[in-house]
Amino acid sequence: MPRTLSILLLISLLCAACSDSTDKYLDRARGAILVANYQSATHELKQALLIDSNLAEARWLLGEIYLELGEIRNAEKELRLAGKLGWAADDVRPALAICGMAQGNFE
């Protein structure tokens, strides 16, 4: 039984470490976005996604950056993923509508 407990403790510590490191990347990305340093923000978000590809906030922020930069197809991809991962539909739908309009899709 102690061995099982040790393994569970190790797994929980590893998960916590992953969470802390993704939080650091997200924090740095948010700071870079505030000063419109989209290249740095994109790098930080991609680093976070290498650790956990299911980070809805990272997908959302990347989508918003791509939208701002006019990279509509990349924006649409990230925004759709953010929505599938649980990001608020009230955020995702309007952004996707902008993507659609930018591509000439008015449906």
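These lines cover the structure that appears in this document, whether it is placed above or below. Predicted model only: the values in this text are computed from it and were never measured.

**Side note on the nonpolar core**
Across soluble globular proteins, nonpolar side chains show a tendency to be buried alongside one another.
Move 1: By size, the foremost hydrophobic cluster in this structure holds 24 residues, and its most contacted members are L45, A58, W60, L67, A75, L79 and C99.
Move 2: Taken together, the elements giving at least two residues each to this core come down to α1 (2–34), α2 (38–51), α3 (56–69), α4 (72–84) and α5 (89–102).
Move 3: Among the elements that take part in this core, α3 stands out by supplying 7 residues, more than any other.
Move 4: When residues no more than four places from it in sequence are discounted, the contact partners of L67 are I72, A75, A95, I98 and C99.

**A closer look at the pattern of salt bridges**
Move 1: One pass over the structure, following the stated rule, counts 6 salt bridges.
Move 2: Here E44 ties to R28 by a salt bridge, and the two come within 3.1 Å at their closest N and O atoms. One end of the pair, E44, is in helix α2; the other, R28, is in helix α1, with 16 residues separating them in the sequence.
Move 3: Judged by its relative accessible area of 12%, E44 is buried.
Move 4: A salt bridge links E76 to R80, with the nearest nitrogen and oxygen atoms 2.9 Å apart. Of this pair, E76 and R80 are both found in helix α4, 4 residues apart, which corresponds to roughly one turn of the helix.
Move 5: Beyond isolated ion pairs, a larger network of salt bridges with shared partners links D27, R30 and E57.

**Things to note about the packing of aromatic side chains**
Move 1: Across all of its chains, the model carries 1 aromatic pair by this definition.
Move 2: Aromatic pair W60 and W87: ring centres 6.0 Å apart, planes at 20 degrees, arrangement stacked. Of this pair, W60 sits in helix α3 while W87 sits in the loop between α4 and α5; the two residues are 27 residues apart in sequence, bridging distant segments of the chain.
Move 3: By relative accessible area, W60 is classed as buried at 12%.

Procedures and definitions
Residues numbered from 1 in each chain as written. Predicted model: local features only at pLDDT ≥ 70, side-chain atom pairs only at ≥ 80, totals over all residues. Heavy atoms only, no water. Core = buried A, V, L, I, M, F, W, Y, C linked by side-chain atoms within 4.5 Å. Buried < 20%, exposed > 50% of the residue type's maximum accessible area, 1.4 Å probe, protein only. Helix = DSSP H or I, 4+ residues; strand = E, 2+ residues; numbered from the N terminus. Contact = heavy atoms within 4.5 Å. Salt bridge = Lys/Arg side-chain N within 4 Å of Asp/Glu carboxyl O. Phe/Tyr/Trp six-rings, centres within 6.5 Å; stacked < 30°, edge-to-face > 60°.

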